[in-house]
Amino acid sequence: MPRPDERRDSAEAGIVPFVSLVLTGRNDGYGGDFLARFFRTLRFNHEQLTSRSIAHEIVFVEWAPPANRPLIREFVFEALPELDAGICSWFVVDARYQRELSLNPRLEYLEFPAKNVGIRRARGRFVLTTNCDVYFGRHVMDVLARGALETGVLYRAPRHDVNLSSRRQTVDWTELEDPRHLAGPAHVLKPPYYGSATGDFVLLDTASFHAIGGFNEVYRVARIGIDRNVIVKALSSGLTVADIGGPVYHENHEGSYRLNPRAFAGREAEAPWGDRRWHSGGVSYVNPPTWGLSAAPTRELGERAWILDFSWSAVPPLVDLKHVVLPTARGSGPPPGHYVRKH
Amino acid sequence: MKRLLREWLAAVGVVSARRHNAALQQLETLKAISAERKNSASAAASRAQELEARLRRQSDEAGKLQQKMDKWKEQRQHDFRQLQLQLAKTERELKVARDHLMAIEVKLDILEGAANVLDTRTRVALSSQRGGTGAPA
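Residues numbered from 1 in each chain as written. Chains lettered and ligands numbered in written order. Predicted model: local features only at pLDDT ≥ 70, side-chain atom pairs only at ≥ 80, totals over all residues. Heavy atoms only, no water.

A. Here's a closer look at the interface of chain A and chain B. The partner chain B presents 17 residues to the 23 residues of chain A that form the contact. Our count for the chain A to chain B interface comes out at one salt bridge. Here B:Arg121 and A:Glu100 are joined by a salt bridge, their closest N and O atoms 2.8 Å apart. Classifying every residue of the side of chain A that touches chain B by side-chain character gives 16 nonpolar, three polar and four charged. (Contact = heavy atoms within 4.5 Å. Salt bridge = Lys/Arg side-chain N within 4 Å of Asp/Glu carboxyl O. Nonpolar A, V, L, I, M, F, W, Y, C, P; charged D, E, K, R; others polar.)

Structure, rendered in structure tokens:
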């Protein structure tokens with residue numbers, strides 16, 4: 001296996017980066033100052049990856065951007081001059097996809113179909129789907145630098161929620177690793193799902209990610225639990241799920257599900273993330289061959305940037321019940337009593 | 001002298017009538033006792049035979065009961081094994097049923113979501129056709 005820095009040389013030659021970071025967002029002020037948070041984490045992660053000579057690609061999916069605001073791409077390179085546009089792949093997705101894909105009008109952002117757009121188009125040998133407010137820990141960086149990743153293994157990392165000053169432009173290890181900044185007890189991942197904030201860190205080789213067809217696009221009723229559901233799909237497909245061995249740090253912000261997961265207790269149908277009680281640990285799925293909007297017509301927007309125009313041929317069926325399937329192998333079932341909803 | 005004479009007569013087998021009568025009476029008593037004992041022995045022997053026969057019958061009965069019990073025990077062990085197998089099968093079926101129930105609930109979620117989406121789209125379409133508010137005509 002070539003070293004990650006050798007892969008960087010290849011990537012610079014336009015071949016294969018070692019890892020593609022798949023991120024999604026839009027300029028809508030999500031969770032307060034979204035852009036500042038995103039730029040802080042992107043700057044930190046990019047700097048750390050670069051300093052360790054880890055050849056990486058940043059795949060950003062600007063999902064259903066608001067028509068009345070500029071695209072993030074228009075000022076990301078200004079905010080982060082150190083970021084080379086050549087290592088970025090930028091996809092702007094027509095807002096109609098959000099409207100036509102959604103099976104729940106309360107979901108304002110179909111995070112996982114958006115991430116699938118990036119997974120489907122990522123060039124790296126490994127794909128790491130994460131969020132715009134997540135800093136990778138030292139151990140994660142070391143593993144990537146050593147290239148110590150196996151194919152067929154879905155890696156998870158525990159999330160440490162931290163309170164950081166929102167006025168800072170940069171963050172360093174001292175701040176991230178200061179236990180006083182921890183917003184609560186550090187999470188411990190437990191088999192078989194190694195769940196808890198799965199969406200913040202799913203790392204898998206690209207071929208396996210393509211084999212399982214990305215995140216669930218059949219169940220578009222909730223955003224919550226889709227990340228956990230990909231673990232069921234992975235286990236059911238014969239992949240191994242493992243803890244990478246070190247944490248990622250999530251910057252707390254207003255509107256975060258983690259801050260108040262029970263905010264919609266008793267009125268789950270109204271939650272902006274959908275009903276958290278759906279059986280995400282119990283069923284698997286088979287995405288349509290067009291997953292990740294692969295059939296969407298693309299237009300070039302600039303250097304390594306494209307617009308995915310709307311086309312009905314790219315939209316998966318509204319209902320595709322035969323592709324909700326039972327997992328062939330699951331670590332463990334939900335305990336009795338959790339199968340049927342308690343209204 | 002009298003005593004000597006009596007001893008001498010006794011030596012030749014002559015006793016007085018009184019003694020002879022007493023001896024005869026004792027003999028009769030002993031004969032009666034002997035007969036009575038014989039009867040008792042005979043009764044005891046027949047009782048013993050009867051008890052032996054009863055013992056044999058009861059042994060046979062016990063043997064049969066033991067056989068029955070062994071058979072019953074074997075049957076119960078077989079039934080227990082069958083119940084264990086049935087329980088394992090039922091547990092498996094219950095898990096499968098629960099899995100199917102989950103899948104059905106997930107599918108119902110999708111159907112409900114789709115129905116709501118279609119309802120909204122229909123209302124919007126009808127509203128724009130009629131140029132009204134979307135309220136039923």
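B. Looking closely at the side chain of A:Ser311. All names here are of chain A. Note on placement: Ser311 falls in the loop between β13 (305–308) and β14 (324–325). Side-chain polar atoms of Ser311 contact the side chain of Ser313, separated by 2.6 Å. Not counting residues within four places of it along the chain, the set of residues in contact with Ser311 comprises Tyr97 and Pro297. (Helix = DSSP H or I, 4+ residues; strand = E, 2+ residues; numbered from the N terminus. Polar contact = N/O pair within 3.5 Å; in protein donor to acceptor, adjacent residues only side chain to side chain.)

C. Expanded view of a nonpolar patch on the surface. A grouping of A:Val319, B:Ile104, B:Leu108 and B:Leu111 is seen on the molecular surface, where their side chains present a nonpolar patch of about 320 Å² in accessible area. Topologically, B:Leu108 is positioned in helix α2 (residues 17–130). (Patch = residues over 30% accessible without salt bridge, like charges linked within 9 Å, V, L, I, M, F, W, Y side chains within 5 Å. Areas by Shrake-Rupley, 256 points an atom, 1.4 Å probe, with all protein chains shown as cover.)

D. Here's a closer look at the nonpolar core. In terms of nonpolar packing, the biggest core is built from 61 residues, with A:Trp63, A:Tyr97 and A:Leu293 touching the most fellow members. Listed by contribution, the elements that provide at least two residues to this core are β2 (56–63), β3 (88–93), α4 (95–101), α5 (111–121), β8 (202–205), α8 (206–212) and α9 (226–236) of chain A together with α2 of chain B. Once you skip the residues sitting within four places of it in the chain, A:Tyr97 turns out to touch A:Trp63, A:Leu293, A:Ala296, A:Pro297, A:Leu308, A:Asp309, A:Phe310, A:Ser311, A:Ala314 and A:Val315. One finds A:Phe38, A:Leu80, A:Cys88 and A:Leu203 within the second-largest nonpolar core, a separate group that totals 42 residues. (Core = buried A, V, L, I, M, F, W, Y, C linked by side-chain atoms within 4.5 Å. Buried < 20%, exposed > 50% of the residue type's maximum accessible area, 1.4 Å probe, protein only.)

E. Fine view of α9(A). Residue and element names in this part refer to chain A. Counted residue by residue, α9 has 10 buried out of 11 residues, so it is predominantly covered. Within the sequence span of α9, burial applies to Ile226, Asp227, Asn229, Val230, Ile231, Val232, Lys233, Ala234, Leu235 and Ser236. In this fold, the buried residues of α9 make contact with α5, β6 (153–156), α8, β9 (240–243) and β11 (284–285).

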